[in-house]
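Given next are the chains, with one letter for each unit.
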Amino acid sequence: MANLVAPAVRKQEVSVTRKMAASLPGLRAIAQSKGLKVHHLGAGYPHPEVTDPRGFLNHQEGYFSFLREKEGLNDPETLPEFLRESYSYTDTLGPLSSRKTFAEVYGRDWGIKIDPEKLIPTVGASGGISLACSLFERSGESIAYITDAPTYAGFTARASLCQHATIYSVEMDSEGAIPDLMRSQIRKARSDGHFVPFYYTVPDGHNPAGFSFSQNRREEIIDVLKEEQVLLLEDAPYLYINYAEPENRPITFLGIAPEQTIHLFTGSKIGFPGPRVGYLYSDAVLEIEAGETVDLSTLALTESSSDLLFQNPAALRGFEALLHKEREDGGYSVRESMWELAEAKLTVYRDNRSILLQTLEERLCGYKDYFDWTTPDGGFFSVFTFLRKDSSVSVVTDDSLIEHLVSEHGIVVIPMYDFYPEDARLRNPGAGMNQLRLSFCFSESAGEARKRDMKEAVEAFCDAAIRLAVPESERS
Ligand SMILES: Cc1ncc(COP(=O)(O)O)c(C=O)c1O
């Protein structure tokens, strides 16, 4: 039989995080057969201790009873309108009450004015990334996405689905993407014949770079993007997974320049990842075909209505429940702030982060010529670097080192090299080849056992790092 053909389709590369997830069961079995405990410093998932849905389900039930009473239904046989709506086809914008509640609370938290009519529900932040990309890919013209080197693997994966899109990446320093390099990459992309729709970044708790952009750098970046007329796609999953003091938290790009920014909110980290709740928001106005101007949110809405068509109203109503608080009289009011929700998560992540940073400091303070690591102000990750300065032993963080760490030490970490877009690796073939992403969000245990496991994991990692990088003669 003749083959079915799709001659223009290019095969997708599998990301190192996916490869790692696939090879993990085998490596774990090897580690366990050697009697090694498996130390989780790799997974980027929310901790099971803060994603137990039972408390939420009780709360949701209470809120739904409240809605039922508000509808004035005394007869238990009558189906309340909100419940009927939650399990019916809804429109692309999802329930208005959920959008209004979110606009009110999020707007208050971040000092921004959000118009609920411009809030487009998405399937998590992943759906928001995809929506923003497809909006600009639809014309078929050759496009260039600007992003950081390194950048979020989910963005690279989505961007590479489009065969007429190319990534132009921008190196970062400790404050964020470097503005001059950004300007020259935008100009290079244009001179190579591409249209440049946006710069994608994760400014708070950057995944995978393990730091947050400074306020000053955000403003410099926005200046470049305004001059160059390029939008900014702000992926903000870790906005509330924030360790900075309130007065030191930078302003979001949406707060600095709402007309230049497409902001992605997700319920995955502040609530739960399973229901796949997210919103895309922008005040940007675009000039399109024949000089017509149109709100970006209108374009996103038509894009979404031809793609997803219907949102999941029950999930959005559940998120709305989370944004309400039970009063003493048994009624429910809109929460003052989402920080109340974040606090429950932050107790776990703050602990884990301090254990990671303190243990690295304790164990490696005598070896500062060999190692460096980032101190994250947000998110789940720290980037660990093997410095090569005066070391006679040079550590290469490739796949075989990762396998060695699992099978010989039971340590699961993610190498950084795969987070560098292709052009960054062409500029610098060594990019990320001396770095690991250490995550402190996930373990299988809870409470005191979680803290113990976290400490043991970091201690095991430090011992392995010393053995790999420090010549025996210099070990203390
Ligand atoms: C930077 C970044 N963007 C997007 C996502 C995906 O989020 P969601 O579950 O909302 O799709 C993640 C998840 O880890 C992430 O780290």
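Every value quoted in this text rests on a predicted model; they were computed, and no experiment measured them.

K.L.:
Describe the overall build of the protein, listing the residues and the values that go with them.
P.N.:
Assigned secondary structure in the protein consists of 15 helices and 18 strands. The burial tally for the protein puts 55% of its 476 residues in the buried class. A separation of at least 24 residues holds for 73% of the contacts in the protein among residues at least 6 apart in sequence. For the protein, the accessible surface area stands at approximately 21,400 Å², while carbon and sulfur atoms represent 51% of it.

K.L.:
Give a detailed account of helix H8 (residues 215–228), specifying residues and quantitative values.
P.N.:
Taking 1.5 Å of rise per residue, the 14 residues of H8 would be expected to cover 20 Å, and the 20 Å separating its terminal C-alpha atoms lies within 8% of that figure. Every buried residue of H8 is listed here: Arg217, Arg218, Ile221, Ile222, Val224, Leu225 and Glu228. Buried residues along H8 cover an arc of 160° about the axis, so they all sit on one side. One or two residues past the end of H8 sits Gln229, with phi positive at roughly 60°.

K.L.:
Describe the site of the ligand, listing the residues and the values that go with them.
P.N.:
The environment of the ligand is formed by 14 residues, the closest being Ala125, Ser126, Asp235, Tyr238 and Thr266. Between a nitrogen atom of the ligand and a side-chain N or O atom of Asp235, the distance comes to 2.5 Å. A distance of 2.7 Å separates an oxygen atom of the ligand from a polar atom in the side chain of Ser268. Notes on the ligand: free accessible area 400 Å², of which the protein chains cover 91%. In terms of residues, the shell around the ligand owes the most to one element, helix H5 (residues 124–137), which gives three residues.

The rules behind these values
- Residues numbered from 1 in each chain as written.
- Predicted model: local features only at pLDDT ≥ 70, side-chain atom pairs only at ≥ 80, totals over all residues.
- Heavy atoms only, no water.
- Helix = DSSP H or I, 4+ residues; strand = E, 2+ residues; numbered from the N terminus.
- Buried < 20%, exposed > 50% of the residue type's maximum accessible area, 1.4 Å probe, protein only.
- Contact = heavy atoms within 4.5 Å.
- Areas by Shrake-Rupley, 256 points an atom, 1.4 Å probe, with all protein chains shown as cover.
- Expected span 1.5 Å × (residues − 1).
- Arc of directions from axis to C-beta.
- Near = heavy atom within 4 Å.
- Polar contact = N/O pair within 3.5 Å; in protein donor to acceptor, adjacent residues only side chain to side chain.

Purely geometric numbers; function is a separate question.
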